[in-house]
Amino acid sequence: MGLFAPPAFFNVTTTHPPSSRATPHPAPAPGTPPLSVQLWHTAGCVLAVQQGRSLSEVLPAVAADLRPGVQALTFHVLRHWGMVRALVQHLVPRPPEPVVAALLGSALSLLGAAHSGPRYAPHTVVNQAVQAARQHRKTQAQAALINACLRRFLREQDSLMRPLAQQAEAHWNHPRWWIERLQRDHPDHWPGILQANNQPGPLCLRVNQRQVSRTAYQQALQAQGLHAVPVGHDGLLLEKPQPVERLPGFAQGLVSVQDAAAQAAAGLLLAGRTWSRADRVLDACAAPGGKTAHLLECADLDLLALDVDAQRCTRIHDNLQRLRLSAEVRCADAAQPAHWWDGRAFDAILLDAPCTASGIVRRHPDVRWLRRESDVAQLVAIQQRLLDVLWPLLKPGGRLLYATCSVFKAEGHDQVAAFLQRHPDAQLQASPGHCLPQAWPTDHNTQQPLAHALNDNPARAHDGFFYARLDKTRP
């Protein structure tokens, strides 16, 4: 037995990728922006990521009518950027201007350089990519180069991709250091983790059972032709993602969007006892407020939600208001309690600590290309400081749930092992530990796998997470 109760490491179901041969895309609906325009903005987003900017910063600047299509294309390109970048380097040995490489790579990803994603007729992609290049001063002179590279790829696709697939970054579409870290951390599961990262995450809902039962909400979805299956205690996994506007009662607070792994936090923190408004609970890094709201949906609590970012605190307020819940929300740095703590100890603390986000890459495909290996040690130091600073604020007999949306052991297992060495009054309770992006347990006590939540790919049932519950011993 190690430090943690055996986590729910289930075999990742793998499927053979569909044929890379492009099939004609349906004619665009009236009013749909031309592919050339979407490709240009996609290239701009991809270039911004290469320059170190997050998509959460870049995409809101895209015009509203373009944003859905550009986001879908950008996510697709970045999920396959390892192979696409290798192809660009091979096709254009002399490095082109970054914007040219981004546009060429975006078009290549639609021609079959990626094995899945949007399907367009090859001639359409070539024509629209060349048109995009010709319409902009920065790329006009390279339109012929882009045309030649795309046509060569169509002629020589198999012979071009076969040798490149032997390169780790091109094959797995992750940075080499990331691949090597996963190989060390999870020697039996690293291929499944990387494979899951390259698939879009499913849409998982958390039903606000203060307002409606999960069964009743599932029936409401069914009445609108939306099929969903139960997951966890409060969750429903939709067969097909939908805009929130299509979800019945979303604006009225009947349901929230939250991954099944993130939904586990409330149950793990509150399990095993009865809670009331007399119990003080701290959500230390709370934004955007999903876990804060879930705690309040599960129990009446005296809850303080902190976040260091004022704009993100506004999101907490908005989420609580929509769900008809209330908590004290403060803009403050959890690592500096002298600025916000009133001296009253907490019965429970949720620390969803800043991390590499290596467990939610399928929802944020830019993360893998933005992170640097040195970031891991810097974030581990922040997590350690938060743990050490918040632990004295917990009552004897209280509990702290440490969580990260990371699959790296340095931010999970190793972090908690070091904490236990420093704090002899801490006891680790049975905890999931590292939960890899695969089928989530139906019950947190038995940790039995979810019975094929989605028949086509049960491996996509939840994101990667780490959980450890630490109880403070009484004197």
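Residues numbered from 1 in each chain as written. Predicted model: local features only at pLDDT ≥ 70, side-chain atom pairs only at ≥ 80, totals over all residues. Heavy atoms only, no water.

(A) Looking closely at the overall build of the protein chain. Looking only at helices and strands, the protein chain features 17 helices and 12 strands. For the protein chain, buried positions account for 54% of its 475 residues. For the protein chain, the share of sequence-separated contacts (at least 6 apart) that also reach a separation of at least 24 residues comes to 75%. When the accessible surface of the protein chain is split by element, carbon and sulfur atoms take 51% of a total near 20,900 Å². (Helix = DSSP H or I, 4+ residues; strand = E, 2+ residues; numbered from the N terminus. Buried < 20%, exposed > 50% of the residue type's maximum accessible area, 1.4 Å probe, protein only. Contact = heavy atoms within 4.5 Å. Areas by Shrake-Rupley, 256 points an atom, 1.4 Å probe, with all protein chains shown as cover.)

(B) Local environment of the packing of helix 1 (residues 35-50) against helix 6 (residues 122-134). Look at helix 1 against helix 6: their axes get within 8 Å of each other, and the N-to-C directions meet at 65 degrees. Read as a crossing pair, helix 1 and helix 6 show a hand that is right-handed. On helix 6, the residues that touch Leu 35, Ser 36, Leu 39 and Trp 40 of helix 1 are Thr 124, Val 125, Gln 128, Ala 129, Gln 131 and Ala 132. In the contact of helix 1 with helix 6, the residues fall into 6 nonpolar, 4 polar and no charged. (Axes fitted to C-alpha atoms, helices over the stretch in contact; angles between N-to-C directions. Left-handed = near helix turned anticlockwise from the far one by under 90°. Nonpolar A, V, L, I, M, F, W, Y, C, P; charged D, E, K, R; others polar.)

(C) Examining the packing of helix 6 against helix 7 (residues 143-164) more closely. Contact geometry for helix 6 and helix 7: axes closest at 8 Å, N-to-C directions at 165 degrees. Taken together, helix 6 and helix 7 sit at an angle that is classed as roughly antiparallel. Here helix 6 runs over helix 7; the crossing is right-handed. Of the residues in helix 7, those touching helix 6 at Pro 122, Val 126, Ala 129, Val 130, Ala 133 and Arg 134 are Ala 143, Ile 146, Asn 147, Leu 150, Arg 151 and Leu 154. (Parallel < 35°, antiparallel > 145°, perpendicular 65-115°, else oblique.)

(D) Summary view of the side chain of Asn 198. Along the chain, Asn 198 falls in the loop between helix 10 (190-197) and strand 1 (204-207). We classify Asn 198 as buried; its relative accessible area is 11%. Of note is the side chain of Asn 198, whose polar atom sits 3.2 Å from the backbone oxygen of Trp 172. Not counting residues within four places of it along the chain, the set of residues in contact with Asn 198 comprises Arg 79, Trp 172, Asn 173, His 174 and Arg 368. (Polar contact = N/O pair within 3.5 Å; in protein donor to acceptor, adjacent residues only side chain to side chain.)

(E) Just the sheet that holds strand 4 (residues 255-257), in detail. Reading across the sheet, the 4 strands line up as 2-3-1-4 and stay open at both edges, with antiparallel pairing between neighbours. Two strands in the sheet have a free side with no partner beyond their single neighbour: strand 2 (228-231) and strand 4. Sheet twist, expressed as the average angle between the axes of neighbouring strands with direction ignored, equals 35 degrees. Of the strand pairs in this sheet, strand 1 and strand 3 (residues 235-238) are connected by 3 bridges, and their pairing is antiparallel. Bridged to Leu 205 within strand 3 is Leu 236. Each of strand 1, strand 2 and strand 3 is contacted by helix 12 (residues 260-270), which is oriented at about 25 degrees to strand 1, the strand it contacts most. (Pairing = 2+ DSSP bridges.)

(F) Expanded view of the pairing of strand 8 (residues 346-352). Burial analysis of strand 8 places 7 of its 7 residues in the buried class, which makes it a mostly covered element. One ladder, built from 3 bridges, connects strand 5 (residues 280-283) with strand 8; its direction is parallel. From the neighbouring strand, Val 281 faces strand 8, where its bridge partner is Ala 348. Both strand 8 and strand 9 (residues 394-404) contribute to a ladder of 6 bridges, which runs parallel. Considered in strand 9, the bridge of Phe 346 is made with Leu 394.

(G) Region of interest: the nonpolar core. Among the nonpolar cores identified, the biggest contains 54 residues, and Leu 87, Leu 103, Leu 104, Leu 108, Ile 146 and Leu 150 are the most heavily contacted of them. Residue assignment for this core shows that the elements contributing at least two residues are helix 1, helix 2 (55-58), helix 3 (67-79), helix 4 (81-91), helix 5 (98-113), helix 6 and helix 7. When residues in this core are grouped by element, the largest group, 10 residues, is from helix 5. Counting residues in each nonpolar core, the second largest holds 51 residues, with Ile 193, Leu 194, Val 361 and Phe 465 among its members. (Core = buried A, V, L, I, M, F, W, Y, C linked by side-chain atoms within 4.5 Å.)

(H) The pattern of salt bridges, seen in detail. All told, the structure shown has 21 salt bridges when counted by the stated rule. Note that Asp 347 and Lys 395 form a salt bridge whose closest N and O atoms lie 3.2 Å from each other. With a gap of 48 residues between them, Asp 347 in strand 8 and Lys 395 in strand 9 connect regions that are remote in the sequence. Here Asp 347 falls in the buried class, since its relative accessible area comes to 10%. (Salt bridge = Lys/Arg side-chain N within 4 Å of Asp/Glu carboxyl O.)

(I) Spotlight on helix 9 (residues 176-185). The complete set of buried residues in helix 9 reads Trp 177, Trp 178, Ile 179, Arg 181, Leu 182 and Asp 185. The elements touched by buried residues of helix 9 are helix 8 (168-172), helix 10, helix 15 (367-370) and helix 16 (373-390).

(J) A look at helix 13 (residues 290-298). Judged by how many residues are buried, helix 13 sits mostly within the fold: 7 of 9 residues are covered. Along helix 13, the residues classified as buried are Lys 291, Thr 292, Ala 293, His 294, Leu 295, Leu 296 and Glu 297.

(K) Looking closely at the environment of Lys 240. By the secondary structure assignment, Lys 240 is in the loop between strand 3 and strand 4. Along the backbone, Lys 240 and Pro 202 are 38 residues apart, and their C-alpha atoms lie at a distance of 7.3 Å.

(L) Summary view of unusual backbone geometry. Here the residue pair Ala 287 and Pro 288 is connected by a cis peptide bond, since its omega of 5 degrees sits within 30 degrees of zero. Here the phi dihedral of Arg 324 falls at roughly 60 degrees; this positive angle occurs in a residue that is not glycine. Inspection of the secondary structure puts Arg 324 in the loop between helix 14 (310-322) and strand 7 (328-331). With a phi close to 65 degrees, Ala 357 is a non-glycine residue in the positive phi region. In this structure, Ala 357 sits in the loop between strand 8 and helix 15.

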